Each structure stands twice: as structure tokens, then as C-alpha cells.
Amino acid sequence: MRKMVPPSDSPRSRPPVTVLSGFLGAGKTTLLRHLLGQAEGRRWAAIVNDVAAINIDAALVAAAGAQRVVPLGNGCVCCTVRDELAETLAELAATGDYAHVFVEATGVADPRSIVRLFTRTNPFGRKLDDFAQLSALVTVVDARQFEVEERKSRDGRKRAASGVKPVFDLMLEQVECADVVVLNKCDVATAEAVRRVEALVRAVNARAEIWRVAQGRVAAAEVVGRVRFQADVTPGAAEWVRLLGGAARHAAVRTGPAVAGRHEAAFGITSFVYEERRAFAEEKLRAWFEAALPEGLLRAKGFFWVRERAADMGFASVAGGAARLEFIGTWAAALRERGVVTDAEIPPSTRERWAEPHGDRRQELVFIGVTLPEAEIRAGLAACLV
Ligand SMILES: Nc1nc2c(ncn2[C@@H]2O[C@H](COP(=O)(O)OP(=O)(O)OP(=O)(O)O)[C@@H](O)[C@H]2O)c(=O)[nH]1
């Protein structure tokens, strides 16, 4: 249920904050300038982060007439200058002078780490949510660039070097963790491309509102007048999180349109969860992810385990044609075998998924894509089993 708040035109001690994310050049500054241009005397502030040492964007936005523009230079809001962002927001809020604050993130920022600033308490027991209210995560997408990157990820199909996140992976993450996706630059994308990108966005985040615009022309009243962010919903809005988390566990396998009943079905977007208890052979699995990813695959995410590293929890992430296979932790079953934990110490959520003889070790991989050859994917993965 959405919480409605009155339009923010009076200063507040805990001002609403709209975070604008989106890949490099998507149109964040253009959107911000357009929004600030509608302030009409209301006290709005903007915090503008730019990876460059000289903050060009801050100057551009200031020219658009914001009441106050605070530049954060030399770093990215989601990592190196995260504390600086938190302090700046807390200081702006403490003045009680501002009715709304906009934060323009860097093009490479992951919105999830900005959410954590608001929701996680620091060593002093405070969190940003005590000072300011996260109102919405808005992700700006350059419709044409999104399509191009999706296609590129297939053409240059190869496993990304360890630790390097492919561009399209980052673009998907920004769209997955969003309350609103602004499909910008619709003036230079074909109608077909816009429809397709909208369908792709829907496939990975069925909850977000999608606004098609050009030149960032969004009515400010739409943005400042309503709180859309929900701490228990927005960060888990990604379709793969939903599929891995709930439905997959209860209905052993869910197959069908990822977003049934919507026009995305016209693009043939489907999803399913591959579940198996036996181990994969590592070489075969890597080779499959490197060479055999099907054309229509948009997103795959989930857990895996391989015989050669039976203690290690594997996590796979595919964006378009680029796959990353990583080991992110240790299976509880391995900890129990080593005597590090007792049965009683295994958390209920892990116990729920327990099945002897492998314990919590499992293959649980979500696939989302356009006309996915499900049988072929299942057969390919089955051939990697030991
Ligand atoms: N044709 C067209 N150009 C646009 C649109 N929106 C923005 N641009 C242009 O795209 C370029 C990048 O826009 P910005 O608003 O600076 O993008 P940004 O996301 O802030 O970029 P970074 O700060 O580098 O991440 C600029 O030259 C804009 O004029 C649009 O809807 N259509």
C-alpha cells in the first residue's frame, strides 16, 4: 500500500530524499535540472556527485535554480564518498530549511548501497533514516543505450574477468533496485526499441513504475508528492530475488510468463527456476556458461555448488550474454561437517532448504529471458552434473 504524503513545499526536519541513479550519460543531470526548474520558490536542495575532480554537474544544476547545490567530488556515493553523502544529508536535514532533497548518484553507483545508508545503523546506533526519509529510488535509463548494451553483452559473449562487473550487469542492477524507471531519450529511440526496453525492464522489475520521457521532462509534482520507497519491498523488487526467495521454494518449479497478463507477454518473456541437489562438475559448468548461454537470456542469478569445491557456496550472475561465477561463502553443511556449527546453530531459513545427503548445498538458478529455450537450458545444465 502506498503511503501518500502532502506535496513537499514546506521545509521539514526530516526531508524526503529522491535518489537519481542511472548509467553514465543516461540523463540524470538533465532530469535533475528539469525538476529543479519547477521549484517555484519551494526550498529544494540537491546533492550532486561526480566522479571527476571538477564537479561540472554541480555547476549545471546550480544554473537551473536550486536553492542549494552541494557537490560531492572525487569518488562515488555508493562507495568512497558514502560517509560524506550521509553527513551532507544529515547536515542539510538538520537545518530544517529544505522541503525536498535530490541526490544525483554517479553513473556507476549501485542504488542498493545508498539504501543501506538509510536502513543500517552505524556504530553509534544511528542511521540516515533518523534524519531524512528516503522517498524514491529513481533510475534513469537511456532507452537506446540499454538496448545497445544488451546486444553488446551477447556479441562479446564471454565470462567476465573475476571481480569485473560488465556494464549491462550494472545497468540491470540499477533498474532492479528502483521504485521508478525513467525511460529517457525516447526522442532518439525507435518506438519498437522503447517497447522492447520497457518489456526488458518489466521482466527484471515488475513493481517499478515506468515513465517514458525525452529530455528528462518529468513533472516535479509526480516526484515530490509521493513516497514510493518501501524498505521491505524496494530492495527486493528484482524478479530474480522474488523467484529465488518465495515461489521457487514452494512450487518446486515455476514456469511461464515472468509477468503474466501484461503486454510483455507479447515479447515472449518467460522465467523458470532450475533446481537440483546433485553437484556440478566445475569445468563443465564454466564451459556451459561461457559457450552455451542461449540467445534470449536476459538475466540469470542464483546459487550453485561444484564437486571440486564442495564447501564453497557458488553464486552465478548473468546479464545478457556475460556471466560471472563466484564463490561467496561456505555452505552450512560444510561447517557442520567440520564441527564448526552444531545442528542447533543452523538458522531456520537454512534448515528449511535442508536435504540429506548434501544439506543446504543446492543448484537454484533463476532464468529470465525472451522466448527462453527452457528444455535446452535444463538439458545443458543436467549434462554438467556429476
Ligand atoms: N536526444 C536526447 N538527448 C538527451 C536526453 N536527455 C539527455 N540528453 C543528452 O545526453 C547527454 C547526457 O545527459 P546528462 O543529463 O548529462 O546525463 P547524466 O546521466 O547526468 O550523465 P553523467 O553525469 O555523465 O553520468 C547530454 O548531452 C544531454 O543533453 C534526451 O531525452 N534526448
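Residues numbered from 1 in each chain as written. Predicted model: local features only at pLDDT ≥ 70, side-chain atom pairs only at ≥ 80, totals over all residues. Heavy atoms only, no water.

Draft legend 1. Examining the pattern of salt bridges more closely. One pass over the structure, following the stated rule, counts 31 salt bridges. In this structure, R196 engages E147 in a salt bridge whose closest nitrogen and oxygen atoms are separated by 2.9 Å. A residue pair is termed long-range when its members are at least 10 positions apart, and R196 in helix 7 (residues 191-204) and E147 in helix 5 (residues 143-155) qualify at 49 residues. An identical accessibility class is assigned to R196 and E147; each is buried. Note that R361 is salt-bridged to E337, the shortest N-O span being 2.9 Å. With a gap of 24 residues between them, R361 in the loop between helix 12 (348-351) and strand 15 (363-370) and E337 in helix 11 (residues 332-337) connect regions that are remote in the sequence. Exposure remark for R361: the relative accessible area of 5% places this residue in the buried category. The class for E337 is exposed, based on a relative accessible area of 55%. Several salt bridges share partner residues, and in doing so they unite D169, E176, R299, R324 and E326 into one network. (Salt bridge = Lys/Arg side-chain N within 4 Å of Asp/Glu carboxyl O. Helix = DSSP H or I, 4+ residues; strand = E, 2+ residues; numbered from the N terminus. Buried < 20%, exposed > 50% of the residue type's maximum accessible area, 1.4 Å probe, protein only.)

Draft legend 2. Layout of the packing of helix 3 (residues 82-95) against helix 4 (residues 111-119). The contact between helix 3 and helix 4 brings their axes to 11 Å, and the two run at 50 degrees. Judged by the inter-axis angle, helix 3 sits oblique to helix 4. Regarding helix 3 and helix 4, the two cross each other, and that crossing is right-handed. Only S113, L117 and F118 of helix 4 make contact with helix 3, whose side of the interface consists of R82, L85, A86 and L89. Residue composition of the contact of helix 3 with helix 4, by class: five nonpolar, one polar and one charged. (Axes fitted to C-alpha atoms, helices over the stretch in contact; angles between N-to-C directions. Parallel < 35°, antiparallel > 145°, perpendicular 65-115°, else oblique. Left-handed = near helix turned anticlockwise from the far one by under 90°. Contact = heavy atoms within 4.5 Å. Nonpolar A, V, L, I, M, F, W, Y, C, P; charged D, E, K, R; others polar.)

Draft legend 3. Inspection of the UniProt feature "domain: CobW C-terminal" (unreviewed entry) in the chain at higher detail. When the UniProt feature table is mapped onto this chain numbering, "domain: CobW C-terminal" (unreviewed entry) sits at residues 269-385. The span residues 269-385 shows a helical share of 25% and a strand share of 35%, and its end C-alpha atoms are spaced 27 Å apart. (UniProt positions renumbered as here; feature names shortened; annotations may be inferred.)

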